[in-house]
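Here are the chains, one letter per residue:
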Amino acid sequence: MELIGFPFQVMTSDAEEIITSCDPAAVTEELSRQKAHAAAADIPDGEEAVVIGADTVVSVGGRILGKPKDTEEARSAICAIQGRDHMVYTGVTILVKDSGGIRAETFSEGTKVITAPMSGEEIEKYIATEEPYDKAGAYGIQGSFARFIRGIEGDYYNVMGLPVHQLYERLKKIVDNV
């Protein structure tokens, strides 16, 4: 948000995540809507706000890889993506709360990531770090895993969790004075 010059405040939600789809893009859209509406519920009536909810998943071979809960899940995720292409999807919901009520727009973006082959030793060394455990697909493109990224097709920032350009374009259409 700082990159696009939009002032913001981080709000978290403890809302239960409910998934009704198997399609990665649809899953991210569902979850972003749930997060945005849960956060908006905490904003007092009459107060104007723009709420942005986002969720990111990694998909390889039709399988969604979430955040690993333990070393075994991290190893499984890295083994699944190493040496092959995979997709990173981020769903975003922009929710505008003002005197006119609530307006919302939801979209998703996909970015293809090409990962280099990794040796067993490289995988074990990587999953021994703290990095894989709070990221979809068990990696962050902006972290030490960058050395295994051969290339991407699409928005780099989408892989980090927020498709900045598309978000900016959508904000210009739905919010006054962006």
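As the structure is a prediction and not an experimental result, all values here were calculated from the model.

1. So, the environment of Glu153
For step 1, the next point in the chain: Note that Glu153 resides in strand β5 (residues 149-153).
For step 2, the next point in the chain: Residues in contact with Glu153, not counting those within four places in the same chain, are Thr111, Lys112 and Ile114.

2. What to know about the packing of helix α2 (residues 71-81) against helix α3 (residues 120-127)
For step 1, the next point in the chain: The N-to-C vectors of α2 and α3 enclose an angle of 135 degrees; their axes lie 10 Å apart at closest approach. The angle between α2 and α3 falls in the class oblique. Remark: the crossing between α2 and α3 carries right-handed chirality. On α3, the residues that touch Thr71, Ala74, Arg75, Ile78 and Cys79 of α2 are Ile123, Glu124, Tyr126 and Ile127.
For step 2, the next point in the chain: The class makeup of the residues in the contact of α2 with α3 is six nonpolar, one polar and two charged.

3. Structural notes on the nonpolar core
For step 1, the next point in the chain: Counting residues in each nonpolar core, the largest one holds 22 residues, and the members touching the most others are Val58, Leu65, Ile78, Ile81, Tyr139 and Phe145.
For step 2, the next point in the chain: Among the secondary structure elements, those contributing two or more residues to this core are β1 (49-60), α2 and α3.
For step 3, the next point in the chain: The element that contributes the greatest number of residues to this core is α2, accounting for five residues.
For step 4, the next point in the chain: Those residues in contact with Phe145 that lie beyond four places of it in its chain are Ile78, Ile81, Thr115, Met118, Tyr126, Glu131, Tyr139 and Gly140.
For step 5, the next point in the chain: Counting residues in each nonpolar core, the second largest holds ten residues, with Phe6, Ile94, Val96 and Leu167 among its members.

4. Let's talk about the sheet that holds β1
For step 1, the next point in the chain: The five strands are arranged β2-β1-β3-β4-β5 in an open sheet whose pairing can be described as antiparallel. The open sheet has two free edges, formed respectively by β2 (63-65) and β5, since each of these has just one partner strand. With strand direction ignored, the average angle separating the axes of adjacent strands in the sheet is 30 degrees.
For step 2, the next point in the chain: Packing against the sheet, helix α5 (residues 164-174) makes contact with β1, β3 (85-98) and β4 (101-115), and its axis sits at approximately 165 degrees to β4.

5. Things to note about the pairing of β3
For step 1, the next point in the chain: Within β3, eleven of the 14 residues are buried, leaving the element largely enclosed by the surrounding structure.
For step 2, the next point in the chain: Relative to β3, β1 is paired through eleven bridges, and the arrangement is antiparallel. Bridge pairing in β3 links Val50 to Val96.
For step 3, the next point in the chain: Summarising the sheet, β3 and β4 pair through 14 bridges and their orientation is antiparallel. When the sheet's bridge partners are listed, Val92 is paired in β4 with Phe107.
For step 4, the next point in the chain: Where β3 folds back on β4, the antiparallel hairpin that results is connected by two residues.

6. Notes on the side chain of Glu30
For step 1, the next point in the chain: By secondary structure assignment, the location of Glu30 is in helix α1 (residues 24-41).
For step 2, the next point in the chain: No salt bridge is formed by the buried Glu30; its nearest oppositely charged neighbour, Arg33, is found at 5.7 Å.

7. Topic: the layout of surface pockets
For step 1, the next point in the chain: What the largest pocket holds in volume is close to 1,700 Å³.
For step 2, the next point in the chain: Lining of the largest pocket is provided by 48 residues; of these, Lys35, Ile52, Ala54, Asp55 and Gly161 occupy positions nearest its centre.
For step 3, the next point in the chain: For the lining of the largest pocket, the secondary structure elements donating two or more residues are α1, β1 and α4 (156-160).
For step 4, the next point in the chain: Considering every element that reaches the lining of the largest pocket, the biggest residue donor is β1, with ten residues.
For step 5, the next point in the chain: The class makeup of the residues in the lining of the largest pocket is 30 nonpolar, ten polar and eight charged.
For step 6, the next point in the chain: Here the second largest pocket defines a volume of roughly 180 Å³.
For step 7, the next point in the chain: In terms of lining residues, the second largest pocket is bounded by ten residues, among which Glu48, Val50, Val96, Asp98 and Val175 are the most central.
For step 8, the next point in the chain: Breaking the lining of the second largest pocket down by element, the ones donating at least two residues are β1 and β3.
For step 9, the next point in the chain: With three residues, β3 is the single largest residue contributor to the lining of the second largest pocket.

Scoring rules and cut-offs
- Residues numbered from 1 in each chain as written.
- Predicted model: local features only at pLDDT ≥ 70, side-chain atom pairs only at ≥ 80, totals over all residues.
- Heavy atoms only, no water.
- Helix = DSSP H or I, 4+ residues; strand = E, 2+ residues; numbered from the N terminus.
- Contact = heavy atoms within 4.5 Å.
- Axes fitted to C-alpha atoms, helices over the stretch in contact; angles between N-to-C directions.
- Parallel < 35°, antiparallel > 145°, perpendicular 65-115°, else oblique.
- Left-handed = near helix turned anticlockwise from the far one by under 90°.
- Nonpolar A, V, L, I, M, F, W, Y, C, P; charged D, E, K, R; others polar.
- Core = buried A, V, L, I, M, F, W, Y, C linked by side-chain atoms within 4.5 Å.
- Buried < 20%, exposed > 50% of the residue type's maximum accessible area, 1.4 Å probe, protein only.
- Pairing = 2+ DSSP bridges.
- Lys, Arg positive; Asp, Glu negative; His and termini not counted.
- Salt bridge = Lys/Arg side-chain N within 4 Å of Asp/Glu carboxyl O.
- 1 Å grid on protein atoms, 1.4 Å probe; cavity = no way out; pocket = protein on both sides within 12 Å on 5 of 7 lines; lining within 4 Å.
- Points joined across faces, edges and corners; volume = space filled by probe spheres on them.

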